[in-house]
Amino acid sequence: MKKKKLKYDEYGNIEEKSRFGNALSILVIMISVAIFAVIFLRIYQARDSEISDRIIMDDHAHKAYSYCALDVKLPQEDDPHSFFFPEDGLKFNCYSVHPATTMDADGRLQIRNVYYLDSADNLQMTIRLNTRYYGKNNGLGYDLRLKLIDEHGNVSYTESTYSVSDVRWGYTFIRVAFSNVDLSDVPSVRLQLLPQNSKPGDAAYANIKVFGSDVYKQATNIYSLDTSFDI
């Protein structure tokens, strides 16, 4: 019969290992592991969809982009974010736009990764919808449009020309583009989420300012971005 190995403390007394102490230690470890697992899961769930930061390229943008890539030395020495067109003196500029507010009052809709392709008159962004509130057809049961107000107060609307969606952990991500948008003539642009087949006078579910005098715009080198979405 195998003898039980005894342990002694610093005073020579026999130590007795507490079964309750062992169980409590195991319970603490299990709880700690569970807490860390929940934290890492929440971090993973908070990640954006892979479509979130891709650039949508229409025919006009492709033509300008290709001309720059093939025929022009990149970048320009005096402006590393712009590329010169010898035949007409234009530049192909891409700007990242940073609205002051990126979500609606209830936090149910958020916008992010807003880009403006200046030469293509193309404004695009990613919209994140909480599927608890906007779950119909993966978020595509709604109309998306821009409300543009010019310097004289005249209002016009532009419907989205292209969109692609992805559902991820309770959120729908929609990468959407609006063509024929010239921000040089429009001091105020708002994104509106409306019922499907809505009319210009219908009330919007959400209304977020995307561009205006208080919105920061930063030049971005488009060659460093993912331009894998083609129209």
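In this text, all values refer to a predicted model and were calculated from it rather than measured experimentally. (Residues numbered from 1 in each chain as written. Predicted model: local features only at pLDDT ≥ 70, side-chain atom pairs only at ≥ 80, totals over all residues. Heavy atoms only, no water.)

Peer 1: Can you explain the environment of Leu194? Please cite residues and give values.
Peer 2: Here Leu194 is to be found in strand β11 (residues 188-195). Taking relative accessible area as the criterion, Leu194 reaches 0% and is therefore assigned buried. Beyond its immediate stretch of four places on either side in the chain, Leu194 contacts Tyr142, Asp143, Arg145, Asp202, Ala203, Ala204 and Tyr205. (Helix = DSSP H or I, 4+ residues; strand = E, 2+ residues; numbered from the N terminus. Buried < 20%, exposed > 50% of the residue type's maximum accessible area, 1.4 Å probe, protein only. Contact = heavy atoms within 4.5 Å.)

Peer 1: Lay out the sheet that holds strand β7 (residues 142-149) with the relevant residues and their values.
Peer 2: Pairing is antiparallel across the open sheet formed by four strands, whose spatial order is β8-β7-β11-β12. Two strands bound the open sheet, and with one partner strand each, they are β8 (155-159) and β12 (206-211). In this sheet, adjacent strand axes meet at a mean angle of 30 degrees when their direction is disregarded. As paired strands, β7 and β8 are joined by five bridges and run antiparallel to one another. Its bridge partner being in β8, Ile149 is matched across the sheet by Val155. (Pairing = 2+ DSSP bridges. Axes fitted to C-alpha atoms, helices over the stretch in contact; angles between N-to-C directions.)

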